[in-house]
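Residue-level listing of the chains:
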Amino acid sequence: MAQSAKYYVRFSHLPFEEDMTHEFKGHRNFCMEEIPPWALMKDESGRPSRKPISRNLCAFLNTGQGGTVYCGVINDGVVHGLALTHFQKEHIVGALQDLMGRFTPPVPSSRYKIRFVPVFGSSIPEEQCKEMLAFKAKEHIDPELKKLKHTYRDSKYCWCDQENLARYKNGTLSSEYVIEVSILPWDPNKKENKGLGYFLNLHPIYASDEGGIYFRQSASIQKYSLQEITRMTFYEVDKRKTEVIGRMKKQIAELEFAKKNKQKESSCTKGRSSSSKSLSSQPMLSSSVSSSSKISSSMSPTSMLSSSMPSPPVSSSSVSPPSSKISSTKISSPMPSSTKISSPLSSSAKIPSSMPSSTKKSSSLSSSAKIPSSMSSSAKISSSMLSSAKSSPQSQFTMKQSQSSKKQSQLSINLLSSSLFSLPSGTDDRND
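Quantities reported herein were computed from a predicted structural model and do not represent experimental measurements.

The next thing to look at is the overall build of the protein chain. In terms of helices and strands, the protein chain carries ten helices and eight strands. Out of the 432 residues in the protein chain, the part that is buried amounts to 32%. Considering only residue pairs separated by 6 or more positions, the protein chain has 74% of its internal contacts joining residues 24 or more positions apart. About 27,700 Å² of surface is accessible on the protein chain, with carbon and sulfur atoms providing 56% of the total.

What follows is the structure in structure tokens.
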């Protein structure tokens, strides 16, 4: 449907021709009763020279595509316009409402609209045309004339037509307009449009005020029979059904696509949460391994021996190097030669009671050297904790560190025990 103009220029050609949605009329007779008798005379083709506009409106309604009738434009598309006063425009609006109420079924007001577009001469400048458009005629009308009622469905002049004729005789010219009567396209999704079928909601088929059912075909109208209307209805049902099914398929595809996107987003969020949980658990494992390594290092035999062994008394004389001191001392204990120590940490080695106090000190140290057997349990605990933390690379690194510290502690224990038992039992710096 062409866009409506703000105003038309007299004797200009419209940019479109009569087609499925455009119809040109040089009069404003809506129904058959309004056509004057002299216009009903048949021409050479055997048809009357003037036909009511109601047939064209009925055809636009039944096709469902809508359309516009341009009253004041002749068949070749040249704009002439119709001279109308304010009261004549009110008469045309009332005549259209009366006509639509006589259709079967009645046409609701939401299906049509009417506009009065001014017509100006080509010599009038555009600025003056805009000023004339801004002029409000309602402010300059006689309020007593508004109380008069208009007469419809009559070929005789109404009082508003006679008033315009009197003004013309007095030398007052009325403004010219093109009357645009538009039928809106059928929209099944609107709530106010109640058509055929609850699901498809097809546009209804209307019969004009004369009882005929008309359809638009190209630039003309045609009256259909009941059989033709039935075939047309089947065609409209199939067309509407394909449209509805296509729209539903599209909606289903959009819903499935949205569902897949939601599933992907949920899986991504779950993966992120699980990765964050694993990352948060890694510092806990590393801290537990480091604490176990600290405990094992604090409970190592070297540290315990160094803390428990008393410091030997030192004389005021100068202390010789340990190697010379060890070589000059002699064993004063009466321990028999047959007694031999099998290993530095063996618990079966017995020390005689007659051994001097210094020897007893060394025996106490040997008893304290038995601590690594209890430390093996703590090492087992730390190894179990390390085996549970082997999954992460950081925990593997800490495990290697703890193993190396364990080896170093074991070597230090062996060296210390060998040095303790290699010293003579009766050695005392005070005897020198």
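Turning our attention to the side chain of Asn193. Among the structural elements, Asn193 can be located in the loop between strand E6 (176–183) and strand E7 (214–217). Not counting the four nearest positions on each side in its chain, Asn193 is found in contact with Ser110, Arg111, Trp186, Asp187 and Asn201.

A separate point is the pairing of E6. Counting buried residues in E6 gives seven out of eight residues, a clear majority hidden from the surface. As paired elements, strand E3 (residues 67–71) and E6 share five bridges and run antiparallel to each other. By the bridge assignment, Tyr70 is partnered in E6 with Glu180. As paired strands, strand E4 (residues 82–83) and E6 are joined by two bridges and run antiparallel to one another. Residue Leu82 lies in a different strand from E6, and its bridge partner there is Tyr177. The sheet contact formed by strand E5 (residues 112–120) and E6 spans eight bridges and is antiparallel. Counterpart to Ile114 in the pairing with E6 is Val181.

Of all hydrophobic cores here, the largest spans 26 residues; its most connected members are Phe30 and Leu57. Among the elements of the structure, helix H1 (54–63), E3, helix H2 (86–101) and E6 are those that each provide at least two residues to this core. Contacts of Phe30, omitting those with residues within four sequence positions, involve Pro52, Ile53, Ser54, Ile92, Ala95, Leu96, Leu99 and Val181. With ten residues, the next largest nonpolar core counts Phe16, Val73, Val79 and Val178 among its residues.

This next bit is on the packing of H2 against helix H4 (residues 159–169). Contact geometry of H2 with H4 gives a least axis separation of 9 Å together with a crossing angle of 155°. Classified by the interaxial angle, the pair formed by H2 and H4 is roughly antiparallel. Pair H2 / H4 crosses with left-handed handedness. Contacts between H2 and H4 pair Phe87, Gln88 and His91 from the former with Trp159, Cys160, Asp161, Glu163 and Asn164 from the latter. The class makeup of the residues in the contact of H2 with H4 is three nonpolar, three polar and two charged.

Counted by the stated rule, this structure contains eleven salt bridges. Linking Glu33 and Arg102 is a salt bridge whose minimum nitrogen-to-oxygen distance equals 3.7 Å. Here Glu33, found in the loop between strand E2 (22–25) and H1, pairs with Arg102, found in the loop between H2 and E5; they are 69 residues apart in sequence, far enough to count as distant. The exposure class of Glu33 is partly exposed, given its relative accessible area of 36%. A relative accessible area of 22% places Arg102 in the partly exposed class.

Our focus in this paragraph is the pairing of E7. As judged from the four bridges shared by E7 and strand E8 (residues 220–223), these two strands associate in the antiparallel manner. Bridge pairing in E8 places Tyr214 opposite Lys223.

Attention shifts here to H2. Along an α-helix, a turn takes 3.6 residues, which lines up residues three or four apart on a common side. Here H2 is 16 residues long and its end C-alpha atoms lie 23 Å apart, about the 22 Å a rise of 1.5 Å per residue gives. When we look at burial in H2, the residues that qualify are His86, Phe87, Gln88, Lys89, His91, Ile92, Gly94, Ala95, Leu96, Leu99 and Met100. Summarising the contacts, the buried residues of H2 are in contact with H1, E4, E5, H4 and E6.

The tally for this structure, following the rule as stated, stands at seven aromatic pairs. Each ring, one from Tyr7 and one from Phe120, has its centre 5.4 Å from the other, and the planes form 50°; the classification is tilted. Here Tyr7, found in the segment before strand E1 (8–9), pairs with Phe120, found in strand E5; they are 113 residues apart in sequence, far enough to count as distant. Relative to Tyr224, the ring of Phe215 has its centre 4.4 Å away and its plane inclined at 25°; by these criteria the two rings are stacked. Across this residue pair, the class does not change: Phe215 and Tyr224 are buried. Members of the aromatic cluster, connected to one another through ring pairs, are Phe16, Phe24 and Tyr70. Here Lys89 stacks its cationic end above the ring of Phe116, 5.8 Å away from the centre of that ring.

Following the sequence through the fold, Ser123 ends up in the loop between E5 and helix H3 (126–134). The class for Ser123 is exposed, based on a relative accessible area of 69%. Remark: the alpha-carbon pair of Ser123 and Arg10, spanning 113 residues in sequence, is separated by 9.8 Å.

What counts and what doesn't
- Residues numbered from 1 in each chain as written.
- Predicted model: local features only at pLDDT ≥ 70, side-chain atom pairs only at ≥ 80, totals over all residues.
- Heavy atoms only, no water.
- Helix = DSSP H or I, 4+ residues; strand = E, 2+ residues; numbered from the N terminus.
- Buried < 20%, exposed > 50% of the residue type's maximum accessible area, 1.4 Å probe, protein only.
- Contact = heavy atoms within 4.5 Å.
- Areas by Shrake-Rupley, 256 points an atom, 1.4 Å probe, with all protein chains shown as cover.
- Pairing = 2+ DSSP bridges.
- Core = buried A, V, L, I, M, F, W, Y, C linked by side-chain atoms within 4.5 Å.
- Axes fitted to C-alpha atoms, helices over the stretch in contact; angles between N-to-C directions.
- Parallel < 35°, antiparallel > 145°, perpendicular 65-115°, else oblique.
- Left-handed = near helix turned anticlockwise from the far one by under 90°.
- Nonpolar A, V, L, I, M, F, W, Y, C, P; charged D, E, K, R; others polar.
- Salt bridge = Lys/Arg side-chain N within 4 Å of Asp/Glu carboxyl O.
- Expected span 1.5 Å × (residues − 1).
- Phe/Tyr/Trp six-rings, centres within 6.5 Å; stacked < 30°, edge-to-face > 60°.
- Lys NZ or Arg CZ within 6 Å of the ring centre and 35° of its normal.

By themselves, these observations are geometric and do not establish any function.
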